[in-house]
Amino acid sequence: QVQLVESVVGLVQAVGSLRLSCAASVRTFSIYAMGWFRQAPGKEREFVAAINWSGGSTYYADSVKGRFTISRDNAKNTAYLQMNSLKPEDTAVYYCARNRRSYNYYKPGEYDYWGQGTQVTVSS
């Protein structure tokens, strides 16, 4: 059974910045692409970012491009989402997920394991 545990990295960030981490419980982490999704109240879960198994390719939703950065450290079985210039519309529960090796990174259905979700609230 794969477990993905999300957390906020560090306690102090520049105003409008936050870094999320996603730690996987299995050593096979390094062969899977990983993604981040978010879900705001009353809305469907939407794609935020994805990274391929090696970290050599990254993909972003237009709404976060240039502000968010996805990365991974395969030695630590961990993926990250650095969020800068946060806006109130970024408020949502953020989920990390493991891609089922479909190479379609944009749809929630292409991910087989999910983290528990982390609430991110950005006030205006």
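Our subject is the structure listed above.
Residues numbered from 1 in each chain as written. Predicted model: local features only at pLDDT ≥ 70, side-chain atom pairs only at ≥ 80, totals over all residues. Heavy atoms only, no water.

Looking now at the pattern of salt bridges. All told, the structure shown has five salt bridges when counted by the stated rule. Note that Arg98 and Asp112 form a salt bridge whose closest N and O atoms lie 2.9 Å from each other. Taken together, the residues span a long stretch of sequence, with Arg98 in strand β8 (residues 92-99) and Asp112 in strand β9 (residues 111-114) at a distance of 14 residues. Given the relative accessible area of 26%, Asp112 is considered partly exposed. Through salt bridges with shared partners, a single network forms among Arg38, Glu46, Arg67 and Asp90. (Salt bridge = Lys/Arg side-chain N within 4 Å of Asp/Glu carboxyl O. Helix = DSSP H or I, 4+ residues; strand = E, 2+ residues; numbered from the N terminus. Buried < 20%, exposed > 50% of the residue type's maximum accessible area, 1.4 Å probe, protein only.)

Counting 34 residues, the largest nonpolar core has Trp36, Val48, Phe68, Leu81, Met83 and Tyr94 as its most contacted members. Looking at this core element by element, the count peaks at five residues for strand β4 (residues 46-51). Residue contacts for Leu81: discarding those within four places in its chain leaves Leu18, Arg19, Leu20, Trp36, Val48, Ala49, Phe68, Thr69, Ile70 and Tyr94. (Core = buried A, V, L, I, M, F, W, Y, C linked by side-chain atoms within 4.5 Å. Contact = heavy atoms within 4.5 Å.)

Moving on: the side chain of Arg72. Within the element layout of this structure, Arg72 appears in strand β6 (residues 68-73). Of the side chains bearing the opposite charge, Asp73 lies closest to the buried Arg72, which forms no salt bridge; the N-O distance is 8.3 Å. Engagement of the side chain of Arg72 in a polar contact is seen with the backbone oxygen of Phe29, the distance being 2.9 Å. A polar side-chain atom of Arg72 sits 2.8 Å from a polar atom in the side chain of Asn74. (Lys, Arg positive; Asp, Glu negative; His and termini not counted. Polar contact = N/O pair within 3.5 Å; in protein donor to acceptor, adjacent residues only side chain to side chain.)

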